[in-house]
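# Observations on chain architecture
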Amino acid sequence: LTERLVDFGVLKGTVQSNLAGRAYAKYYPHAIGHPMGWDIHEEDTNSLGPNMIVTVEPGLYLPVDDEAVPAEFRGIAIRIEDNIVLTDGEPRVLTREIPKTV
């Protein structure tokens, strides 16, 4: 996301400097995902293993009133979520069949 935000002129400077300074966080204000269980948002864990379900849900939010964002991109918001079962082998993507194009 940071690379494209630099490419499109939303962030100034280099990809590396924006990553180091976490400049992307202004437009990507949450984590990449979270564990799922009895509750939709389970407590974060540092330990993942087989039969656990996690989300991968990148999101990008460009405020309509942010003059640092080029006008043609203001007001764009997108979030894509996949739910994934961890296994001993390849992970199983539960949301594989859900369309992810606009």
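Residues numbered from 1 in each chain as written. Predicted model: local features only at pLDDT ≥ 70, side-chain atom pairs only at ≥ 80, totals over all residues. Heavy atoms only, no water.

### Let's talk about the sheet that holds strand S6 (residues 92-93)
- Pairing is antiparallel across the open sheet formed by four strands, whose spatial order is S1-S2-S5-S6. On the outer flanks of this sheet lie strand S1 (35-36) and S6, each paired with one strand and no other.
- Of the strand pairs in this sheet, S1 and strand S2 (residues 53-56) are connected by two bridges, and their pairing is antiparallel. Across the sheet, residue Pro-35 finds its bridge partner in S2, namely Val-54. (Pairing = 2+ DSSP bridges. Helix = DSSP H or I, 4+ residues; strand = E, 2+ residues; numbered from the N terminus.)

### Let's talk about unusual backbone geometry
- Its identity as a non-glycine residue notwithstanding, Arg-22 has a phi of 55°, on the positive side.
- With respect to the helices and strands, the residue Arg-22 is situated in the loop between helix H2 (15-20) and S1.

### Quick notes on the confidence of the model for the protein
- Of all residues in the protein, 90% have pLDDT values of 70 or greater, and the mean over the chain is 89.
- At the low end of the mean pLDDT range in the protein sits S1, at 80; at the high end sits H2, at 97. (pLDDT = per-residue confidence, 0-100.)

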